[in-house]
Structure formats: structure tokens, C-alpha cells
Amino acid sequence: MSTSDALTKSSSNPLLVLGKISSILDAFSLSKPVLSLSDIREHTGMPTSTVQRLVTNLMSQGFLDREDDAYRIGMRMAFWAAPATRGMEVIDILSPLLKTLRDTTGETACFFKAEQHYRVCVAMADTRHALRREMHLGKVLPLHAGSAGRVLLAWDQDLMDAVLRDPLESITESTITSSEDLEAAVKKTRVDGFAITVGEREDGASGLSAPVFDSAAGLVGAVTISGPTLRMPLETCESWLEPLLATAEHMTRLIGGRFPGET
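Residues numbered from 1 in each chain as written. Predicted model: local features only at pLDDT ≥ 70, side-chain atom pairs only at ≥ 80, totals over all residues. Heavy atoms only, no water.

### Some words on the environment of serine 95
Condition: By the criteria applied, helices consist of DSSP H or I runs no shorter than four residues and strands consist of E runs no shorter than two, each listed in order from the N terminus. For the exposure calls, accessible area comes from a 1.4 Å probe over protein chains only, and a residue counts as buried if that area is under 20% of its type's maximum, exposed if over 50%, partly exposed in between.
Within the secondary structure, serine 95 sits in helix α6 (residues 90–105). According to the relative accessible area criterion, serine 95 is partly exposed, its value standing at 23%. Linking serine 95 and phenylalanine 111, residues 16 residues apart in sequence, is a C-alpha distance of 8.5 Å.

### Here's the deal with the sheet that holds strand β8 (residues 219–228)
Strand-to-strand pairing in sheets goes through backbone hydrogen bonds, with the strands running parallel or antiparallel. Cut-off, in case you're wondering: When DSSP finds at least two bridges between two strands, those strands are taken to pair. Interaxial angles span 0 to 180 degrees and are taken between N-to-C directions of axes, which are lines fitted to C-alpha atoms, for helices over the stretch in contact. Note on contacts: a residue pair qualifies if any of its non-hydrogen atoms lie within 4.5 Å across the two residues.
The strand order across the open sheet built from six strands is β5-β4-β3-β8-β7-β6, with neighbouring strands paired in antiparallel fashion. A single partner strand is all that each edge strand has here, and the edge strands are β5 (140–142) and β6 (195–198). Across this sheet, the average inter-strand angle for adjacent strands is 35 degrees, counted without regard to direction. Along the sheet, helix α11 (residues 241–254) makes contact with β3 (108–115), β6, β7 (205–213) and β8, crossing β7 at roughly 30 degrees.

### Examining empty space enclosed by the protein
Stated precisely, the cut-off is as follows: Residues are called lining when one of their atoms sits within 4 Å of a cavity or pocket point, these points coming from a 1 Å grid over the protein atoms alone, where a cavity is a set in which a 1.4 Å probe fits but cannot get out and a pocket is an open set with protein on both sides within 12 Å along at least five of seven lines. Grid points are joined across faces, edges and corners, and a volume is the space filled by probe spheres set on the points. Throughout, the ten residues Ala, Val, Leu, Ile, Met, Phe, Trp, Tyr, Cys and Pro are labelled nonpolar, Asp, Glu, Lys and Arg are labelled charged, and all others, Gly among them, are labelled polar.
As enumerated under the stated definition, the model contains one cavity of 30 Å³ or more in all. A volume near 160 Å³ is recorded for the largest cavity. Along its surface, the largest cavity is lined by 20 residues, and Arg119, Arg133, Gly146, Arg201 and Gly207 are the ones closest to its centre. At the level of secondary structure, the elements contributing two or more residues to the lining of the largest cavity comprise β3, α7 (147–154), β6, β7 and β8. Sort the elements by how many residues they give to the lining of the largest cavity and β7 lands first, with three residues. Here the lining of the largest cavity is composed, by residue class, of seven nonpolar, eight polar and five charged.

### Some words on the packing of aromatic side chains
Note the threshold: Stacked, edge-to-face and tilted are the three classes for Phe, Tyr and Trp ring pairs, Trp counted by its six-membered ring, which pair at centre distances within 6.5 Å; planes under 30 degrees apart are stacked, over 60 edge-to-face, the rest tilted.
A complete count under the given rule lists two aromatic pairs for this structure. A ring pair is formed by tryptophan 155 and phenylalanine 213, whose centres lie 5.7 Å apart and whose planes are at 80 degrees; its orientation type is edge-to-face. Here the residue tryptophan 155 occupies a position in the loop between α7 and α8 (157–164), and phenylalanine 213 occupies one in strand β7, the gap between them amounting to 58 residues. For the pair tryptophan 155 and phenylalanine 213, one class covers both residues: buried. Ring centres of phenylalanine 213 and phenylalanine 259 lie 5.3 Å apart, and the angle between their planes is 65 degrees; this geometry places the pair in the edge-to-face category. Of this pair, phenylalanine 213 sits in strand β7 while phenylalanine 259 sits in the segment after α11, placing them 46 residues apart in sequence. Exposure remark for phenylalanine 259: the relative accessible area of 21% places this residue in the partly exposed category. Here the aromatic cluster, defined as three or more aromatic residues joined through ring pairs, consists of Trp155, Phe213 and Phe259.

Here it is as C-alpha cells:
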């Protein structure tokens, strides 16, 4: 089969073309919103000629917009995306991603929101392991202990100030009870973009959390992976940062959010 015949056959297969288009669109993210042709080619693994042809077609249909010598997701996509989530509660949108995160790690995935001076579990996908940390929807927990609380405090200074006005209760030997230590830990979380804690709220338990933001770059909540330290030592928690942060970014994007500092 000649090269031209192969290209014709490829172009005539709509599923194959859609797969390639999806691969190109998936190359863009909140951390990398603008990509060059070489960036797209590297991410997709497709030949340069194929990338050029598809990118040109995507631009003509409004899927992509040109920015100098690079490309970004087209504004027309936002018009189409709006009806997908209209009328849906944020938790309904995010819950499927918690199940995917649970299936990826094998551990419980939760979403926490701040309520008054506490954090509340508002969505979760429970682990299938028999040995698990006790967690349920609506569970109310302190903000100064655990990775989710750390994240919720890191992007809400008013909440942080309120928590520091009261004594920090000791729950385990690893619980932070010093205002100075908590401020330092929260500052590190904001710089890192995530938090990992071991044994702060419950002995023999670990957790790692990342923030999810809305369209005004305001904090919506914290997505968390939690489980027994026996299965989640520090090195395992660190190895799960990539799927955790990818999930947090996906959640932010699904609700039309953006990260602080982005325009």
C-alpha cells in the first residue's frame, strides 16, 4: 500500500481520526495551556505532518486558537462545555473522578470542604480493602490535623486565622499543637501545592491532599487519598502525587476553575 493510500484509509476511519484529535486535546492542561507543534507531536507521538494537518483543521473549527507560534484550547470549547455541567452539583461532577483515583491507588479517595472551623467529607469512593480507615459522608474533622485540613487552610487565610485563635488539640503524638509549626506546615503546603501527613489525626494512618479551585481561583475543597500507613508509607504517598495532582487539575478544569496566578 502506498503512503497516499494509507493516509486516505486513515482519514476515512472516523474513530481513528477522533482518537488522534482526542490525543491532541489531551496534551493541553492547566499547567501547560499553550503548546507548540513540537510539544504536541512529543505528547502524541504522531508524525509532524499528521499533527500539522489536524491542528490546522482543529483551528478552522474553533477547537484550537493560535497564540503567536503556539496553540491553546479554543474559546468555542468553553461554549460547548458549559451545558455539560449546567444544573449539576459540583459533587456530582467530581464523584466519578474520586472513583477513578480510588481504582488507581486502591485506597479511599475523598473530597473535603471547610465548614465553620472544621472540614467535612462531602464525597468519597471507599477502598475495597478489608483493612481501612473509618470514613463516611458527612464526617466532621478538625482542620489542624491531616493533609486535607492543611490544604484547606493553605488557601484560606481567614480560616487559618480563625483556627489559630483557639488552642490546637493534641489528637495523636504527631498532631501539630504549636501555632508556629502549623503556620510553617501550611506555608509549605501552599508552596508545594499539596500536603502529605502521617499519623496526625489517627495513629497508623496516612493521607495526601491537593486543592481544587473555581473560576475565580477560589478554593472549592481538597481531594484526598487516605489509608493505613501499613499500605501507605511516606514513599508510597510520594509515588501517588502524580495521580493526585492530575485528579485535582482535572476536577478544577471540569468545573471551569483556574489556579491562583493564572489568567
